[in-house]
Amino acid sequence: MALKKQTKNSPSLFKLPTSFEMGCRTYKVNVIGDLTKRGEAVGMHHFHAAEIDIDGKIDNDELLMLTFYHEIFHALFESQGREDLSSNEALVDTSATLLCQMMKTAKYHEKS
Ligand SMILES: [Zn+2]
């Protein structure tokens, strides 16, 4: 997966994790060569397997971040037993978009 180098114009370099903890579970993040060729979306969330699949052909940091956060919100809602919220794609997508915007525009203290 090609990730752009951090520049002044893109200060929030996104780094895709390989795993993370949510609730009592360890989620694995799989980068799948060409997920869309399987007829699937660019990202998939598998609650029972505790896995998130991300299309390895994504070569745009913003789309990668948005796709990952989208799948994270599915995991967040399902981890709380709120399948009703997880199945609401508009809510999931809006939540991911807002988090993506926040992360892209966040300002940090300069290292000294
Ligand atoms: Zn979705």
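Use the structure listed above.
The model shown is predicted, which means the values in this text are computed figures rather than measured ones. (Residues numbered from 1 in each chain as written. Predicted model: local features only at pLDDT ≥ 70, side-chain atom pairs only at ≥ 80, totals over all residues.)

Counting secondary structure elements, the protein contains three helices and four strands. Reading the protein from its N end, one meets helices and strands in the order β-β-β-β-α-α-α. Within the protein, contacts between residues at least 6 apart in sequence are counted, and of these 45% link residues at least 24 apart. (Helix = DSSP H or I, 4+ residues; strand = E, 2+ residues; numbered from the N terminus. Contact = placed C-beta atoms within 7 Å.)

So, on to the sheet that holds strand β1 (residues 19-22). Within the open sheet, the four strands sit side by side as β1-β2-β4-β3. Their pairing is mixed. The sheet is open, and its two edges are formed by β1 and β3 (43-46), each paired on a single side. Averaged over all neighbouring strand pairs, the angle between strand axes comes to 20°, with direction disregarded. Relative to strand β2 (residues 25-32), β1 runs antiparallel, the two sharing four bridges. Bridge pairing in β2 links Met22 to Arg25. Sheet contacts for helix α1 (residues 61-79): β1, β2, β3 and β4 (51-55); angle to β3, the most-contacted strand, approximately 20°. (Pairing = 2+ DSSP bridges. Axes fitted to C-alpha atoms, helices over the stretch in contact; angles between N-to-C directions.)

Their axes nearest at 8 Å, the elements α1 and helix α3 (residues 89-105) cross at an angle of 130°. When the axes of α1 and α3 are compared, the pair comes out oblique. As for the relative orientation of α1 and α3, their crossing is right-handed in sense. Within the contact between the two elements, α1 uses Met65, Leu66, Tyr69, His70, Phe73 and His74 and α3 uses Val92, Asp93, Ser95, Ala96, Thr97, Leu99, Cys100 and Met103. Its residues assigned to classes, the contact of α1 with α3 shows nine nonpolar, four polar and one charged. (Parallel < 35°, antiparallel > 145°, perpendicular 65-115°, else oblique. Left-handed = near helix turned anticlockwise from the far one by under 90°. Nonpolar A, V, L, I, M, F, W, Y, C, P; charged D, E, K, R; others polar.)

This next bit is on the nonpolar core. One recurring pattern in soluble globular proteins: nonpolar side chains tend to sit buried together. Residues Met65, Phe68, Tyr69, Phe73 and Ala96 are the most contacted members of the largest nonpolar core, which totals 18 residues. Every element with two or more residues in this core is listed here: β4, α1 and α3. The element best represented in this core is α1, accounting for nine residues. Apart from the residues within four sequence positions on either side, Phe73 is in contact with Val92, Ser95 and Ala96. (Core = buried A, V, L, I, M, F, W, Y, C linked by C-beta atoms within 7 Å. Buried ≥ 20, exposed ≤ 12 C-beta atoms within 10 Å, placed from the backbone.)

A few words now on the pairing of β3. Every second residue of β3 is oriented toward a common face, the buried set being Gly43 and His45 and the non-buried set Met44 and His46. Pairing between β3 and β4: four bridges, direction antiparallel. Bridging across to β4, His45 finds its partner in Ile52. Counted between consecutive antiparallel strands, the loop separating β3 from β4 contains four residues, among which Ala50 sits at a positive phi close to 55°.

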